[in-house]
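Chain residues, written in single-letter form:
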Amino acid sequence: MCVRDITYPQRYPNVDSVSLEETDLPIAIHYIQAFPNLSSLTLRAETTELVQLLDNDAKELKERRQLNVVEQLQYGSWTSLDHCDSTLGTLYILGLQCHIRDLRVRVDIEGPASMLDSVLNDARPTTLTLDRFYLSMLSNPGFASVMKGPAVRQV
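The residue numbers shown here count from 1 along each chain, following its written sequence. Under the rules for a predicted model, residues below a pLDDT of 70 receive no local features and side-chain atom pairs below 80 are neither given nor counted, while totals for whole chains, interfaces and linings still include all residues. Neither water nor hydrogens contribute to the side-chain values; these are computed over all heavy atoms in the structure.

## Here we look at the pattern of salt bridges
In step 1: The salt bridge criterion pairs a side-chain nitrogen of Lys or Arg with a carboxyl oxygen of Asp or Glu, the two atoms within 4 Å. What the rule picks out here adds up to 9 salt bridges.
In step 2: A salt bridge links Glu 49 to Arg 64, with the shortest nitrogen-to-oxygen separation between them at 4.0 Å. Placement of the pair is Glu 49 in helix α3 (residues 47-55) and Arg 64 in helix α4 (residues 59-75), with a sequence separation of 15 residues.
In step 3: Only protein chains enter the calculation, and the probe is 1.4 Å; a residue is then buried if its accessible area is under 20% of its type maximum, exposed if over 50%, and partly exposed in between. The partly exposed category is assigned to Glu 49, whose relative accessible area is 30%.
In step 4: For Arg 64, a relative accessible area of 30% gives the class partly exposed.
In step 5: Arg 104 is the partner of Asp 85 in a salt bridge, and the nearest nitrogen-oxygen pair spans 4.0 Å. With Asp 85 in strand β3 (residues 80-87) and Arg 104 in strand β4 (residues 99-106), the pair connects residues that are 19 residues apart, well separated along the chain. In DSSP terms, a helix is any run of H or I states spanning at least four residues, a strand is any run of E spanning at least two, and both are numbered starting from the N terminus.

Next up, the structure:
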């Protein structure tokens, strides 16, 4: 992919906080380029499309995440964010490759525990809030494994 194809034309260097609801599936590099000095992000993608991607064997969901991760590794990401409030599906797709000090994860889709594990490994939060997680998710052995694993060591 050519840099020209992924470059976002607008820059808002003085913006340090962004809150967007019901967005299209996110392209991380566009947010990173548009808001290079961001410290707080609230972002929630539209749930219907996430559910459809998860229902279709999650292959496209994983591909979108992988593309976001690769672009950040190749073209850069934020160094860190002070706060991020987002949904599990949105965070999974974003694949943010930066430390997020205070991470709030809301349930939008009931994905596998591996999705949360990926998000936590990417963000390496020191403060973690799990919002609206279902009892069925919390009692899942995969979830317990994630919460005992290296992804939450610094929490």
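## With respect to the packing of helix α6 (residues 113-123) against helix α8 (residues 141-148)
In step 1: Interaxial distance between α6 and α8 falls to 8 Å at its minimum, and their mutual angle equals 15°. Relative to α8, the element α6 lies roughly parallel. The element α6 and its partner α8 pack so that their crossing is right-handed. Two secondary-structure elements touch here, α6 through Ala 113, Leu 116, Asp 117 and Leu 120 and α8 through Gly 142, Phe 143 and Val 146.
In step 2: Broken down by class, the residue content of the contact of α6 with α8 amounts to 5 nonpolar, 1 polar and 1 charged. Convention adopted: a line fitted to C-alpha atoms gives each axis, helices being fitted over their contacting stretch, and angles between N-to-C directions are expressed from 0 to 180 degrees. Convention used here: angles under 35 degrees read as roughly parallel, angles over 145 as roughly antiparallel, angles from 65 to 115 as roughly perpendicular, and any remaining angle as oblique. Put simply, a crossing is left-handed when the front helix is turned counterclockwise from the back one by less than a right angle, and right-handed when it is turned clockwise. Pairs of residues are marked as contacts when any of their non-hydrogen atoms sit within 4.5 Å. Residue polarity is assigned by list, with Asp, Glu, Lys and Arg as charged and Ala, Val, Leu, Ile, Met, Phe, Trp, Tyr, Cys and Pro as nonpolar; anything else, Gly included, falls into the polar class.

## Focus on the packing of α3 against α4
In step 1: At a minimum axis distance of 6 Å, the contact between α3 and α4 shows a crossing angle of 115°. Our classification of the angle between α3 and α4 gives roughly perpendicular. Residue-level inspection shows Glu 49, Leu 50, Leu 53 and Leu 54 of α3 in contact with α4, the latter providing Glu 60, Leu 61 and Arg 64.

## Structural notes on the packing of aromatic side chains
In step 1: Only centres within 6.5 Å qualify two rings of Phe, Tyr or Trp (six-membered ring in Trp) as a pair; their planes then separate them into stacked at under 30 degrees, edge-to-face at over 60, and tilted for everything else. Summed over all chains, the structure comprises 2 aromatic pairs.
In step 2: Arranged with centres 5.5 Å apart and planes meeting at 25°, the rings of Tyr 12 and Phe 35 form a pair that is stacked. With Tyr 12 in the loop between α1 (3-6) and β1 (17-23) and Phe 35 in the loop between α2 (28-34) and β2 (40-45), this pair connects stretches of sequence that are 23 residues apart.
In step 3: Residue classification places Phe 35 among the buried residues on the basis of a relative accessible area of 15%.
In step 4: Counted as over-ring charges are cases with an Arg CZ or a Lys NZ within 6 Å of the ring centre that also lie within 35 degrees of the ring normal. Its end group placed over the ring of Tyr 92, Arg 65 keeps NZ or CZ at 4.8 Å from the ring centre.

## Re unusual backbone geometry
In step 1: Even without being a glycine, Arg 124 presents a positive backbone phi close to 45°.
In step 2: Even without being a glycine, Arg 132 presents a positive backbone phi close to 65°.
In step 3: Summarising the element assignment, Arg 132 is placed in the loop between β5 (127-131) and α7 (135-138).
In step 4: By relative accessible area, which is 58% here, Arg 132 ends up exposed.

## Examining the sheet that holds β4
In step 1: When DSSP finds two or more bridges between a pair of strands, those strands are recorded as paired. Pairing within the open sheet is parallel, and its 5 strands lie in the order β1-β2-β3-β4-β5. Among the strands making up the open sheet, the edge pair consists of β1 and β5. On average, each strand axis in the sheet is tilted by 10° relative to the strand beside it, whichever way the strands run.
In step 2: Strand direction decides the pairing type here: β1 and β2, joined by 5 bridges, are parallel. Counted as the bridge partner of Thr 23 is Ala 45 from β2.
In step 3: Those strands touched by α6 are β4 and β5, and its axis lies near 155° from that of β4.

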